[in-house]
2 protein chains.
Amino acid sequence: FSFSAFVNRPALGILPPENFPDKLIESVLSIAPSGMTRVQTMACGSCSNENAFKTMFIWYRNKERGYANPSEQEVGTCMINQSPGCPDLSILSFMGAFHGRTLGCLATTHSKVIHKLDIPSFDWPIAPFPKLQYPLEEFVRENAQEEARCLEEVEDLIVKWRQKGKPVAGIVIEPIQAEGGDNHASPDFFIKLRNIARKHGCAFHVDEVQTGGGTTGKFWAHEHWGLDDPADVVSFSKKLLTGGYYHRDELQPDKPYRIFNTWMGDPSKNLFLSEVLNVIRRENLLEEVTRSGKTLLQGLYALQTQYPHILSRARGQGTFCAIDACNDATRDSIMIKARNKGLFMGSCGEKTIRFRPTLVFKEYHVHQLLNILNDVLAEHK
Amino acid sequence: FSFSAFVNRPALGILPPENFPDKLIESVLSIAPSGMTRVQTMACGSCSNENAFKTMFIWYRNKERGYANPSEQEVGTCMINQSPGCPDLSILSFMGAFHGRTLGCLATTHSKVIHKLDIPSFDWPIAPFPKLQYPLEEFVRENAQEEARCLEEVEDLIVKWRQKGKPVAGIVIEPIQAEGGDNHASPDFFIKLRNIARKHGCAFHVDEVQTGGGTTGKFWAHEHWGLDDPADVVSFSKKLLTGGYYHRDELQPDKPYRIFNTWMGDPSKNLFLSEVLNVIRRENLLEEVTRSGKTLLQGLYALQTQYPHILSRARGQGTFCAIDACNDATRDSIMIKARNKGLFMGSCGEKTIRFRPTLVFKEYHVHQLLNILNDVLAEHK
């Protein structure tokens, strides 16, 4: 199998290698989030979210028709893109979200103009994502009010879109809005959102394409929430080396070939992932990330205290950290100067610097990072 | 590079391996169809078509706004999925087409209910694909009329959808409708369709995901048409081992990051393709395919003459051949009996058997195939 996986590209849906199920169990299924009993691999993150959306639409319509066979009218209209066969269902997403760039995903992405401009879209509801004020301990009441406001808006939108004849089949959300500016919300917000989804019969889809893989200190960022009731769908890609999504039993499509394509992933990437997981376990990398992440965040707090006219809103989970500059020009200038001293950082949102070190980022790396950043900021003063 | 490509997965858009352009030139660009100056690799066929559609939308809107910067209104509305930022543009496709299963692609796919049911779609125009009568030489006038009827309908739809406020930015078509039942049309049909696209300012996208790679006897099936003016976009996947699409210079997006994702393909697959191309050239496999294909098609003609109550409409280009059974039950029974004798065939459309041998399928393989098929049909009589 191992050799063959690197020189052949099987049509996984029809002719998977004989021990493919075992390889799935050793790789992606060995790290399945709580409650997630099934996995579907896909070739990239966008395809993962597109197919996760389809899974939620199929589940929703089967519920609506009482698991009966589709009507003649549904069968006839679906071939010409018309309702009821192609129903006016929607996915609720959040302002600032990024879920990919193919047409379905793009209708739930609202982070940058360059992603969206000129591409036809769907009239799907978009809720506000909480804008938390930092430091969190100084704005406890304000932030709780802000999260309550956003949740209220979610419920209003679900009701409004049902009235419009475009019911919300699923809610999709990132545990940390990454492209949108490293926006965080509290576990309480996500737990209440999950309850709203259940109450209104919508599937709850957690997009872990950016956050999954261990950099938050847990393998899945949403494991920090302490959900009683798991999500319905969790999608992944990037650090997992293969795209895909987990889902609960009840979201399994009722017939074969409803979720299908030729490649459905790439078994060689599952082998990579197995090896990566071995290293993560052997070297306790999630503990390492938790330790490095704490040191990093403390260092960022210290820097923003030292340079309050330049930096603010240090935040993060594990090493998945970020800090805001006073404006985008300053942010870009800091990034370029740091790069010239050997420190490569990323940007997101309007004026945010984001840190995305690998899992082998140790405390002594944190000190190197903070020293370079301090030098750059001192020059900037 | 070679070793690294098999153990790392680079973010090709941001940090491609240093000699990645050379590897593209050696692989996908060495077989670019006439007129295609640029290539964008992608991880799968659906992502290739989704991004090809986006490329056409961006090109179309830039033409419409005279290559000026987008208006404030466009910038503002695109973030909330509304026109004019997310304009009501459409892609014209054909009944029976298959262009993939993600939401954008699926709006141009019209082959089977199972692909489409329950998934929201776009109100995009769908033209009839010619239904040719066989044998072709007996129905020259009827088939020419049928193709003229379909082309007239295409022009009508382009006008109608422009009046509806959903102008057609691009026309997408397969050289042979594969999933839809191995439906062929004449080179004259495609040349006239290309002219209609130009006349109305629509991009012309040839989807070679199924037909590309040499099985028609040319590397690209649309090279059989003898177009004066090349297509605007040609997409590929499957046999090319990587997804992607070629396009003309003028369809290059005006800004970076408009067409982008993290992986944008997989450089290890380009290395596979280079090796496959070396074998195709060294062993003259396209000539081999042409030879085997002629023998296969003649054999199918002979079988349908011998079993006229079971078989009809033998057709094909190279080894990309098909034949219809009298009904789907008979088709399925023939396929199962053949499989039990060691001959694995595919199905498509309602009652079609499709042949998709690899490029090393020689004339003696054809005879083995025809012998088994003849045995099965003799039993069936």
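Conventions we followed
Residues numbered from 1 in each chain as written. Chains lettered and ligands numbered in written order. Predicted model: local features only at pLDDT ≥ 70, side-chain atom pairs only at ≥ 80, totals over all residues. Heavy atoms only, no water. Patch = residues over 30% accessible without salt bridge, like charges linked within 9 Å, V, L, I, M, F, W, Y side chains within 5 Å. Areas by Shrake-Rupley, 256 points an atom, 1.4 Å probe, with all protein chains shown as cover. Salt bridge = Lys/Arg side-chain N within 4 Å of Asp/Glu carboxyl O. Buried < 20%, exposed > 50% of the residue type's maximum accessible area, 1.4 Å probe, protein only. Axes fitted to C-alpha atoms, helices over the stretch in contact; angles between N-to-C directions. Helix = DSSP H or I, 4+ residues; strand = E, 2+ residues; numbered from the N terminus. Parallel < 35°, antiparallel > 145°, perpendicular 65-115°, else oblique. Left-handed = near helix turned anticlockwise from the far one by under 90°. Contact = heavy atoms within 4.5 Å. Disulfide = S-S within 2.5 Å. Domains from an automatic or database assignment. Buried area = accessible area lost by both parts, 1.4 Å probe. Polar contact = N/O pair within 3.5 Å; in protein donor to acceptor, adjacent residues only side chain to side chain. Nonpolar A, V, L, I, M, F, W, Y, C, P; charged D, E, K, R; others polar. Pairing = 2+ DSSP bridges. Least-squares fit on C-alpha atoms with pLDDT ≥ 70 in both. Phe/Tyr/Trp six-rings, centres within 6.5 Å; stacked < 30°, edge-to-face > 60°. Lys NZ or Arg CZ within 6 Å of the ring centre and 35° of its normal.

Chemist: Sorry, what's going on with a nonpolar patch on the surface here?
Modeler: Where nonpolar side chains cluster on the molecular surface, the patch consists of Ile14(A), Leu15(A), Tyr257(A) and Phe344(B) and spans about 460 Å² of accessible area. By relative accessible area, Tyr257(A) is classed as partly exposed at 43%.

Chemist: I keep staring at the packing of helix H11 (residues 328-340) of chain B against helix H12 (residues 363-380) of chain B and nothing clicks. Help me out?
Modeler: How two helices sit against one another is set out by the angle between their axes and by the gap between those axes. Residues and elements named next belong to chain B. At a closest axis distance of 10 Å, the pairing of H11 and H12 adopts a crossing angle of 125°. Judged by the inter-axis angle, H11 sits oblique to H12. Between H11 and H12 the crossing geometry is right-handed. Here Thr330, Ser333, Ile334, Lys337 and Ala338 of H11 come into contact with H12, specifically with Ile372, Leu373, Val376, Leu377, Glu379 and His380.

Chemist: Explain the state of the cysteines to me, please; I cannot follow it from the model alone.
Modeler: Tallying each qualifying case throughout the model produces zero disulfides over all chains. Between Cys47(A), a free cysteine, and Cys44(B), which holds the nearest cysteine sulfur, the sulfur-to-sulfur gap is 3.4 Å. Judged by its relative accessible area of 1%, Cys47(A) falls in the buried class. Between Cys326(B), a cysteine without a disulfide, and Cys348(B), which holds the nearest cysteine sulfur, the sulfur-to-sulfur distance is 16 Å.

Chemist: In this structure, what is going on with the domain arrangement of chain A? I would like to understand it.
Modeler: Residue and element names in this part refer to chain A. When the domains of chain A are assigned, the result is domain 1 (2-282) and domain 2 (285-380). Computed over C-alpha atoms, the centres of domain 1 and domain 2 are 29 Å apart. Of the residues lining the interface, 23 residues belong to domain 1; the matching set on domain 2 comes to 21 residues. Together, the buried faces of domain 1 and domain 2 total about 1,800 Å²; carbon and sulfur atoms form 57% of this surface. By the criterion of area lost to domain 2, the three top residues of domain 1 are Tyr134, Asp182 and Thr215, representing 31% of everything that side buries. Taken together, the links from domain 1 to domain 2 amount to two salt bridges. Among the ionic pairs, Asp182 bridges to Arg356, the shortest N-O distance being 2.5 Å. Linking domain 1 with domain 2 are eleven residue pairs in polar contact (both at pLDDT 80 or more). Within the side of domain 1 that touches domain 2, the residues separate by chemical class into seven nonpolar, eleven polar and five charged.

Chemist: Looking at this structure, I do not really get the sheet that holds strand E8 (residues 311-317) of chain B. What am I missing?
Modeler: What holds strands together in a sheet is hydrogen bonding between their backbones, with the strands either parallel or antiparallel. Residue and element names in this part refer to chain B. On the basis of which strands lie adjacent, the open sheet formed by four strands has the order E8-E9-E11-E10 and antiparallel pairing. Looking along the sheet, the strands with just one partner apiece sit at the ends: E8 and strand E10 (346-348). Neighbouring strand axes in the sheet, compared pairwise and without regard to direction, differ in orientation by 25° on average. Inspection of the sheet shows strand E9 (residues 320-325) paired to strand E11 (residues 352-355) by four bridges, in the antiparallel sense. Pairing of Cys321 across the sheet is with Phe355, part of E11.

Chemist: Would you take a moment to explain the relation of the copies chain A and chain B for this structure?
Modeler: Copy one and copy two of the chain differ by a rotation about a common axis and a shift along it. Relative to chain B, chain A is turned by 180° and slid 0.0 Å along the rotation axis, the superposed coordinates differing by an RMSD of 0.0 Å. The superposition operator between the copies reduces to a two-fold rotation axis. With an isologous cut-off of 70% or more, the 100% of interface residues of chain A that recur at the interface of chain B puts this contact in the isologous class.

Chemist: In this structure, what is going on with the interface of chain A and chain B? I would like to understand it.
Modeler: How big an interface is tends to be reported as the loss of accessible area on association of its parts. Across the boundary between the two partners, chain A contributes 63 residues, which contact 63 residues of chain B. When chain A packs against chain B, close to 5,800 Å² is buried across both sides, 64% of that on carbon and sulfur atoms. On the chain A side of the contact with chain B, Met79(A), Arg101(A) and Asp118(A) bury the most area, a combined 13% of that side's loss. Across the chain A-chain B interface, the total number found is eight salt bridges. Two residues, Lys269(B) and Asp266(A), come together in a salt bridge whose shortest N-O distance is 2.8 Å. Taken together, the connections running from chain A to chain B amount to 32 residue pairs in polar contact (both at pLDDT 80 or more). A per-element tally of the side of chain A that touches chain B places helix H3 (residues 45-64) of chain A first, with six residues. For the side of chain A that touches chain B, the residue count by class is 33 nonpolar, 14 polar and 16 charged.

Chemist: Help me out: how do you make sense of the sheet that holds strand E5 (residues 203-207) of chain B in this one?
Modeler: All names here are of chain B. Strand order in the open sheet formed by seven strands is E1-E7-E6-E5-E4-E2-E3, with mixed pairing between adjacent strands. In the strand order of this sheet, the two ends are held by strand E1 (38-42) and strand E3 (126-127), each with one partner. Across the sheet, helix H7 (residues 140-163) is in contact with strand E2 (90-94), E3 and strand E4 (168-173); its angle to E2 comes to roughly 155°.

Chemist: Before we go on, may I ask you to explain the packing of aromatic side chains in this structure?
Modeler: How two aromatic rings sit relative to each other is given by the distance of their centres and the angle of their planes. One pass over the full model with this rule turns up 29 aromatic pairs over all chains. On the numbers, 5.0 Å between centres and 45° between planes, the contact of Phe236(A) with Tyr246(A) is tilted. One end of the pair, Phe236(A), is in strand E6 (residues 233-236); the other, Tyr246(A), is in strand E7 (residues 243-247), with ten residues separating them in the sequence. The pair Phe236(A) / Tyr246(A) is uniform in exposure class, with both members buried. Positioned above the aromatic ring of Trp161(B), the side-chain terminus of Lys164(B) is 3.8 Å from the ring centre. Against the face of Phe320(B) rests Arg356(B), its NZ or CZ located 3.6 Å from the ring centre.

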